[in-house]
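# Close look at the chain arrangement
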Amino acid sequence: MAKPKIPVYDIYSISHGHTQQDLMVARFGPYVREHKHLYRQHGHSFYHLVLFTKGAGTHTIDFSSFNVQPYQVYFMAPGQVHSWHFEGPDPDGYLVHFSPAFFQSFLLDQQYLERFPFLRGNSNDGVLKIPSPLREGVVQLFEQILKELEQPEEGGLDMIRMYLLQFFMQVERCCGKGEKKQVPQQKQLLLANFRQLINKHYNTIRLPKEYAELLYITPNHLNALCQDLLGRTAGELIRDRILLEAKRMLVNESLTITEIAYALNFQDNSYFNRFFKKNTGMTPEAFRKQLVH
């Protein structure tokens, strides 16, 4: 029997604990006990973060697997998919869901969240470990967020926005991966716009020079930007987005490989197979079998 495509949930469809407009906060243990179906691959239409205070097992984000550890925090952007498999005692911690609109009325710079690498939708940047000296303070911060929801007062949601921004800044300062360097805001914005264009057009626009035209810059400028900030070429970012979508579609066993190739705008099935195998080391069919068995 064919499996359905990856489900995508909004905040209200998996509500638990304290749910407000564009926000949900819960203790993680009771949340996962109530939503056992979320152990399987699924996506969200909102930002999603979990701070583990205890637990073990694996957590898979966009088909990259990570070991669950106490005081690990993971972040997911809208559109990413994930699943988890816990081992041993029940996990616990804190969970926060917030929509892209949650900060819009609060921040003058609508691109502000893009400054944080862990909120940009790259799974390798979204899993971090909180250092020992900061753990007690971080737990107290999440307890304050819960208190604002359990004992509502005027300005409570704005207090939660400030607590979350404080947490994001702490994580950026202490846990950012790689060498820390000051990146001009103009460069950050240009890269964010490029990624947004890829998400919108990966199915129809494949060449870096075409994206460079949309950004009103030269292809060399675009490649230099990506190499400088990410150590990767513009073409690699485009390719990875196509691969990610292919993997997400392969979860849906009701789609044939030919249908997926057509949906992703490949000339034919054999071209899609060569592209997928060249970049993953396996055929689409082998990837699907590995995923569902």
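Residues numbered from 1 in each chain as written. Predicted model: local features only at pLDDT ≥ 70, side-chain atom pairs only at ≥ 80, totals over all residues. Heavy atoms only, no water.

Attention shifts here to unusual backbone geometry. Not every positive phi belongs to a glycine, and Phe63 is a case in point at roughly 75 degrees. Examined against the element boundaries, Phe63 turns out to sit in the loop between strand S6 (57–61) and strand S7 (64–68). The class for Phe63 is buried, based on a relative accessible area of 17%. At Tyr216, a residue that is not glycine, the phi angle is positive and equals roughly 60 degrees. With a relative accessible area of 78%, Tyr216 lands in the exposed category. (Helix = DSSP H or I, 4+ residues; strand = E, 2+ residues; numbered from the N terminus. Buried < 20%, exposed > 50% of the residue type's maximum accessible area, 1.4 Å probe, protein only.)

We now examine the packing of aromatic side chains. Applying the stated criterion across every chain, the model contains 31 aromatic pairs. Ring geometry for Phe102 against Phe103: centres 5.2 Å apart, planes inclined by 80 degrees, an arrangement best described as edge-to-face. Judged by its relative accessible area of 1%, Phe102 falls in the buried class. Taking relative accessible area as the criterion, Phe103 reaches 3% and is therefore assigned buried. By way of ring pairs, the aromatic residues Tyr47, Phe75, Tyr94, Phe98, Phe102, Phe103, Tyr112, Phe116, Phe118, Phe142, Phe167 and Phe168 are connected into one cluster. (Phe/Tyr/Trp six-rings, centres within 6.5 Å; stacked < 30°, edge-to-face > 60°.)

Note that Thr60 resides in strand S6. In this structure Thr60 comes out as buried when scored by relative accessible area, which is 19%. Ignoring anything within four residues of it in the chain, the contact list for Thr60 reads Ser65, Val81, His82 and Ser83. (Contact = heavy atoms within 4.5 Å.)

Per-residue pLDDT for the protein has a mean of 88; in total, 92% of the residues score no lower than 70. Of all the helices and strands in the protein, strand S2 (residues 18–20) carries the lowest mean pLDDT, 68, while helix H5 (residues 208–215) carries the highest, 97. (pLDDT = per-residue confidence, 0-100.)

What follows covers helix H4 (residues 185–201). Side chains that are three or four residues apart share a direction in an α-helix, a result of its 3.6 residues per turn. Here H4 contains 17 residues, and its C-alpha end-to-end distance of 24 Å stays within 8% of the 24 Å for a straight helix at 1.5 Å per residue. Turning to H4, its buried residues number three or more, namely Leu190, Leu191, Ala192, Phe194, Arg195, Leu197 and Ile198. (Expected span 1.5 Å × (residues − 1).)

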